[in-house]
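What follows is the residue order along each chain.
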Amino acid sequence: MQRALPALDQNTAARSLSSELAQRTGALTVAGLSHSYGSGFAVDGVTFDIPAGEVAALLGPSGCGKSTVLRAIAGLIRPAKGTIALGDTDLLQVPARSRGIGMVFQNYALFPHMTVAENVSYPLACQGVPKQERRARVDEMLRLIQLDSFGRRLPHQLSGGQQQRVAVARALAGRPSLLLLDEPFGALDRALRFDLQVEMLRLQKALGITTLLVTHDQEEAQSLASRLVLMNRGRIEQIDTPSRIYDQPRTLFVNRFIGQTSMLTGRVEGAGPERMPVRLTTGELLDLLRPTRFVSGASVVVTCRPEEVSLFPDAGPGRLAARLIVSIPLGPHVIHDLELTDGTGIRCAQLRAQAPDTLLLGDRIFVAIDPARCHVFPPDAIGGDLHASLEGPSS
Ligand SMILES: Nc1ncnc2c1ncn2[C@@H]1O[C@H](COP(=O)(O)OP(=O)(O)OP(=O)(O)O)[C@@H](O)[C@H]1O
Ligand SMILES: [Mg+2]
């Protein structure tokens, strides 16, 4: 990325823009939003809010309704039901072009025949901003995205990341009161995506503009957003901070969609107030600590994250017999994929320094699941959700 300008100039530009934006942006409140394109609801009773100046990420499998929610907020479609407000303003009463919303799409969507400066200037021209002020604001935006010497270039003379920064500048140039980003970095490679995420976060923090980000990339969502809104089949499954979504998933769908998870099936055997023994389909007994709502005899799915699974060379209480299928070094970890005696797959992540280097594929080994951190769900949640969640995360 180009770092030509001293940070001071960018900060000054950001500060002057931010004081103006702060007067206009507000909390976004979406309530009971439903929309149908013809048959059935693409979005069904969606309710969430974003406090003023914060970033929320909308996540979910392909086709779950994320872009539809964005289109309704932007005024590109009129929802069948529900309300959308920004601060005290009922957005549904405001025509799309007057809503003051900046949007960035996955495919840049710059005007190819216009220079960078003309692209950024376009929303200002539409708003009737006088020419001289337009020029000053374009300069300010280009400084902010560190492309101030690129104004005369055409989009095809820029790299993908530079084009995307221009798209962000164009979205911000009209002094939007709300920023909607639909897979803004989806077309970029990983390293560039990271650079742009950092850049975006810096801009968003400096400007304090309420932002809704749609992404398939869980890491992107977790690093940019203070709250995640997880959708499935047109409805919201959970709204929470990234860490609560990861550690306290309310449904099996959420548990499987965010992060990696292994699923073991079994039946509760005499649940007590604090302990809940589960007889797995392998015939082995898991003694879970977590008090839950399940009664004795109930069929359950026990889920665990790779980092909640430990390996042992010998049998012992609570350890399950397994066979090593494959070990893959991944950054600071080694990922082991194992198979329980009934063929159920289970994944374990060990720190590389702690991973035994004597393990061979096919070795018999024992695994233990952290009984306090695993989750238990009713099995009926698997059916429909399973298909959707497998389609979902792309990264
Ligand atoms: N213009 C349209 N006409 C008919 N159906 C549509 C239209 N746009 C979207 N849909 C349907 O509405 C549902 C929600 O689509 P939407 O584009 O909101 O999904 P999404 O979550 O953004 O998916 P993706 O992650 O693939 O972008 C899908 O089933 C889709 O096929
Ligand atoms: Mg979409």
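Residues numbered from 1 in each chain as written. Chains lettered and ligands numbered in written order. Predicted model: local features only at pLDDT ≥ 70, side-chain atom pairs only at ≥ 80, totals over all residues. Heavy atoms only, no water.

Looking at an unreviewed UniProt entry, one finds the chain named ABC transporter ATP-binding protein and attributed to Lichenifustis flavocetrariae. The record held by UniProt for the chain lists under Sequence similarities (unreviewed entry) the comment "Belongs to the ABC transporter superfamily." (UniProt positions renumbered as here; feature names shortened; annotations may be inferred.)

J.: Is there a simple way to think about the environment of Val309 in this case?
T.: When you line up the elements, Val309 lands in strand β15 (residues 309–312). Owing to a relative accessible area of 3%, Val309 belongs among the buried residues under this scheme. Note: C-alpha distance between Val309 and Asp370 (61 residues apart in sequence) is 6.4 Å. Contacts of Val309, omitting those with residues within four sequence positions, involve Cys304, Ile346, Arg347, Cys348, Val367 and Ala368. (Helix = DSSP H or I, 4+ residues; strand = E, 2+ residues; numbered from the N terminus. Buried < 20%, exposed > 50% of the residue type's maximum accessible area, 1.4 Å probe, protein only. Contact = heavy atoms within 4.5 Å.)

J.: Mind showing me how you'd approach the environment of Gly297 here?
T.: Assignment of secondary structure puts Gly297 in the loop between β13 (285–288) and β14 (299–304). The class for Gly297 is partly exposed, based on a relative accessible area of 33%. Spatially, the C-alpha atom of Gly297 lies 5.0 Å from that of Val268, the residues being 29 residues apart in sequence. Excluding anything up to four places from it in sequence, Gly297 contacts Arg267 and Val268.

J.: Sorry if this is basic, but what is going on with empty space enclosed by the protein here?
T.: The rolling of a water-molecule-sized probe over the atoms marks out the regions of remaining empty space. Taken as a whole and assessed by the stated rule, the structure comprises 2 cavities of 30 Å³ or more. For the largest cavity, the calculated volume is near 50 Å³. At 3 residues, helix α6 (residues 190–207) tops the list of elements feeding residues into the lining of the largest cavity. When grouped by side-chain class, the residues that make up the lining of the largest cavity number 6 nonpolar, 2 polar and no charged. Here the second largest cavity defines a volume of roughly 30 Å³. (1 Å grid on protein atoms, 1.4 Å probe; cavity = no way out; pocket = protein on both sides within 12 Å on 5 of 7 lines; lining within 4 Å. Points joined across faces, edges and corners; volume = space filled by probe spheres on them. Nonpolar A, V, L, I, M, F, W, Y, C, P; charged D, E, K, R; others polar.)

J.: Mind showing me how you'd approach the pattern of salt bridges here?
T.: Between side chains of opposite charge, a pair can form when the charged atoms approach closely. Evaluated as defined, the whole model comprises 9 salt bridges. The shortest N-O distance in the salt bridge between Arg137 and Glu133 comes to 2.9 Å. One end of the pair, Arg137, and the other, Glu133, are both in helix α4 (residues 131–144), 4 residues apart, so they sit about a helical turn from each other. (Salt bridge = Lys/Arg side-chain N within 4 Å of Asp/Glu carboxyl O.)

J.: Help me understand the nonpolar core, please; the structure alone is not making it clear to me.
T.: Within soluble globular proteins, side chains that are nonpolar generally end up buried alongside one another. Val120, Val166 and Leu172 are the most contacted members of the largest nonpolar core, which totals 44 residues. Looking at this core element by element, the count peaks at 7 residues for helix α5 (residues 160–173). Once residues within four sequence positions are removed from consideration, Leu172 is found in contact with Met141, Leu179, Leu203, Leu207 and Ile209. By size, the runner-up hydrophobic cluster in this structure holds 27 residues, among which are Ala56, Cys64, Ile84 and Leu92. (Core = buried A, V, L, I, M, F, W, Y, C linked by side-chain atoms within 4.5 Å.)

J.: What is the right way to look at the packing of helix α3 (residues 116–126) against α4 in this model?
T.: α4 packs onto α3 with a crossing angle of 125° between their chain directions and a minimal axis gap of 9 Å. By the angle between their directions, the pair α3 and α4 is classed as oblique. Handedness of the crossing formed by α3 with α4: right-handed. Across from Val116, Ala117, Val120, Ser121, Leu124 and Ala125 in α3, the residues of α4 making contact are Arg134, Arg137, Val138, Met141 and Leu142. In terms of residue class, the contact of α3 with α4 is made up of 8 nonpolar, 1 polar and 2 charged. (Axes fitted to C-alpha atoms, helices over the stretch in contact; angles between N-to-C directions. Parallel < 35°, antiparallel > 145°, perpendicular 65-115°, else oblique. Left-handed = near helix turned anticlockwise from the far one by under 90°.)

J.: I keep staring at the packing of aromatic side chains and nothing clicks. Help me out?
T.: Aromatic ring pairs are reported here in terms of the distance separating the ring centres and the angle at which the planes meet. A full pass over the atoms with the stated rule returns 2 aromatic pairs. The interplanar angle of 20° and the centroid separation of 5.6 Å between the aromatic rings of Phe253 and Phe257 together place this pair among those described as stacked. Of this pair, Phe253 and Phe257 both sit in helix α9 (residues 252–257), 4 residues apart, which is roughly one turn of the helix. For Phe257, a relative accessible area of 0% gives the class buried. Cation over ring: Arg170 sits above Phe111, and NZ or CZ is 4.9 Å from the ring centre. Geometry around Phe312 places Arg319 over its ring, the cationic atom sitting 3.7 Å from the centre. (Phe/Tyr/Trp six-rings, centres within 6.5 Å; stacked < 30°, edge-to-face > 60°. Lys NZ or Arg CZ within 6 Å of the ring centre and 35° of its normal.)

J.: Please clarify how α5 should be interpreted in this entry.
T.: Residues spaced three or four apart along an α-helix point in a common direction, a consequence of the helix completing one turn every 3.6 residues. Taking 1.5 Å of rise per residue, the 14 residues of α5 would be expected to cover 20 Å, and the 20 Å separating its terminal C-alpha atoms lies within 8% of that figure. Extensive coverage of α5 is indicated by the burial of 13 of its 14 residues. Residue Arg175 follows α5 closely and has a positive phi angle near 55°. (Expected span 1.5 Å × (residues − 1).)

J.: Any chance you could explain the sheet that holds strand β8 (residues 211–214) here in plain terms?
T.: Think of a sheet as strands paired side by side through backbone hydrogen bonds, with each pair either parallel or antiparallel. The sheet built from 6 strands is open, its strands ordered β6-β7-β8-β3-β9-β10 with mixed pairing. The outermost strands of the open sheet, each flanked by one partner alone, are β6 (101–105) and β10 (235–240). With strand direction ignored, the average angle separating the axes of adjacent strands in the sheet is 15°. Where strand β3 (residues 55–59) meets strand β9 (residues 227–232), 4 bridges bridge the pair, whose relative direction is parallel. Each bridged residue has a counterpart across the sheet, and for Leu58 the counterpart in β9 is Val229. α5 contacts β6 and β7 (178–182) of the sheet and is inclined by roughly 165° relative to β6. (Pairing = 2+ DSSP bridges.)

J.: Explain the side chain of Thr115 here, please?
T.: Mapped onto the fold, Thr115 is located in the loop between β6 and α3. The class for Thr115 is buried, based on a relative accessible area of 17%. Ignoring sequence-local partners within four residues, the contact set of Thr115 consists of Gly151, Arg152, Arg153 and Leu154.

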